[in-house]
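Spelled out from the first residue to the last, the chains are:
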Amino acid sequence: MSNKKSGRIAVPFLLTIFIGLILIGGAAIFIYSYFELGKEDELKEPIARSAATASYEDSHTILFIIDLPEENCSSTFVLMRSVPKEKKILYVGIPSNSIAVINDKQTGLKETYERGGADAAVEFAEQTLGVEVDKYMTFDREAFLKFCDIMGGVTYAINADIPGIQETNAEQYLSGSKILKVITYPFFSGGEEQRAYTASSIFSSMMNQADGKRLADNLDTSFTNLVNLTETDITAVDYKDKKTGTKYMLENGMTIARFRAITGTNASGSFIIDKAFGEEIKKEYFTVAEDKE
């Protein structure tokens, strides 16, 4: 009799426990769902990242003119061609004693610049090299020293007897003031051609030795400083248009600069630029975008 009684008690007791577990479990599920506990975050679309790039439309050409009449030396002319898409820059020094026939009249670069200013010098470069020069930038002493300070100077070997500069085949650091002494030195054994060649070589070395990331990060400030110190036709709109491509080149390029010694013929103290030289640099640095993209 005692066994039957205990069995009758056990069945309702188990049913009570089972029902209780269902009720408790249901309440837990409701609370869990209501407060979204344990709910995994839905996968979100990745945020698109826009990386700076460059196109052939970012290419541009600038004629740099260093004009220091106090140095008793002709102005220095260096043409720069920048192709950010290919991460390369070309510097070409144009001898100040260069002559050419323009509009059926023989004229010289030095006289043209002194008479007509930077615009006239740009036209001379375009006519003699057969390339389009977009802009110009003319430096006085203060502006050029600021430019050299931005670039960080240069380490360069000097093999000419220039006052204040150590003559050695070993490389030495040149600050802005010493760079000016070199590129305005009027007594190179190779004349104005060597001076122009040296200027373009120094520009190229200065660019290659500079910290590209630093230049890119400070591009806005550098442009503002230089445009306020130089005589130039480069506007804020021009800068904005070329800024992205230029930064891309500076941040991603390695040893981006080259220089070319201009070829030509000496004739009675004047220099006649070889037309084939213009064709040569056009082929490598001035090819239109449609031909490359």
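What you see is a predicted model, and the numbers here were worked out from it, not measured in a lab. Counting from 1, residues in each chain are numbered in the order their sequence is written. Per-residue local features are limited, in this predicted model, to residues with pLDDT of at least 70; the limit for side-chain atom pairs, both in listing and counting, is 80 or more; totals at the level of whole chains, interfaces and linings are taken over all residues. Based on all heavy atoms of the structure, the side-chain values leave hydrogens and waters out of the count.

Caption draft 1: Inspection of the sheet that holds strand E2 (residues 76-83) at higher detail. One open sheet accounts for six strands, arranged E9-E6-E1-E2-E3-E10; its pairing is mixed. Edge positions in the sheet fall to strand E9 (231-232) and strand E10 (257-260), since each has one partner strand and no second. Bridge count for strand E6 (residues 135-139) against E9 is two bridges, and the pairing is antiparallel. In the strand pairing of E9, threonine 138 is matched with glutamate 231. Criterion used throughout: strands pair if DSSP finds at least two bridges between them. Only DSSP runs of H or I covering at least 4 residues are called helices, and only runs of E covering at least 2 are called strands; the numbering of each starts at the N terminus.

Caption draft 2: Quick look at the side chain of serine 75. For serine 75, the location among the structural elements is in the loop between strand E1 (60-66) and E2. Burial here depends on accessible area, computed with a 1.4 Å probe over protein chains only, as a share of the maximum for the residue type. Under 20% is buried, over 50% is exposed, and the range in between is partly exposed. Owing to a relative accessible area of 10%, serine 75 belongs among the buried residues under this scheme. Polar contact is the term for a pair of N or O atoms within 3.5 Å; when the atoms are in protein, one must be able to donate a hydrogen and the other to accept it, and sequence-neighboring residues count only if both atoms are side-chain atoms. A polar atom in the side chain of serine 75 sits 3.4 Å from the side chain of aspartate 67. For this analysis, residues touch if any pair of their heavy atoms sits within 4.5 Å. The residues touching serine 75, leaving out its near neighbours within four places in the chain, are Ile65, Ile66, Asp67, Ser96, Tyr113 and Arg195.

Caption draft 3: Region of interest: the pattern of salt bridges. Any carboxyl oxygen of Asp or Glu within 4 Å of a side-chain nitrogen of Lys or Arg constitutes a salt bridge here. A full pass over the atoms with the stated rule returns twelve salt bridges. Ionic pairing is found between arginine 195 and glutamate 192, a salt bridge with its closest N-O pair at 2.8 Å. Residue arginine 195 and its partner glutamate 192 are located together in helix H5 (residues 191-209), separated by three residues, close to a single helical turn. Its relative accessible area of 15% is what places glutamate 192 among the buried residues. For aspartate 217, the salt bridge is made with lysine 213, and the minimal N-O distance between the two is 2.8 Å. Here the residue aspartate 217 and the residue lysine 213 both occupy positions in helix H6 (residues 212-217), the gap between them amounting to four residues, near one helical turn. The class of lysine 213 is partly exposed, set by a relative accessible area of 47%. Overlapping salt bridges bring together Glu70, Glu71 and Arg141 as one network.

Caption draft 4: Main features of the packing of aromatic side chains. Side-chain rings of Phe, Tyr and Trp, where Trp is taken by its six-membered ring, are said to pair if the distance between their centres is within 6.5 Å; with planes under 30 degrees apart they count as stacked, over 60 as edge-to-face, and otherwise as tilted. Under the defined criterion, the tally for this structure stands at 14 aromatic pairs. When the centroid spacing of 5.6 Å and the interplanar angle of 85° are considered together, the rings of phenylalanine 77 and tyrosine 113 count as edge-to-face. On the criterion of sequence distance, the pair formed by phenylalanine 77 in strand E2 and tyrosine 113 in helix H2 (residues 109-129) is long-range, its members being 36 residues apart. Tyrosine 113 matches phenylalanine 77 in its accessibility class, with the two residues each being buried. Ring geometry for phenylalanine 223 against tyrosine 239: centres 4.3 Å apart, planes inclined by 10°, an arrangement best described as stacked. Of the two residues, phenylalanine 223 sits in helix H7 (residues 219-229) while tyrosine 239 sits in helix H8 (residues 236-252), which places them 16 residues apart along the sequence. Here phenylalanine 223 matches tyrosine 239 in class, with each residue buried. An aromatic cluster is defined as three or more aromatic residues linked by ring pairs; in this entry it consists of Phe64, Tyr91, Phe139, Phe144, Phe147 and Phe203. Taking NZ or CZ as reference, arginine 81 lies 4.2 Å from the ring centre of phenylalanine 286, over its face. The ring of tyrosine 285 carries lysine 88 above its face, with NZ or CZ at 4.7 Å from the centroid. Geometrically, a lysine NZ or arginine CZ counts as sitting over a ring once it is within 6 Å of the ring centre and also within 35 degrees of the ring normal.

All quantities given are derived from atomic positions and should not be read as evidence of function.
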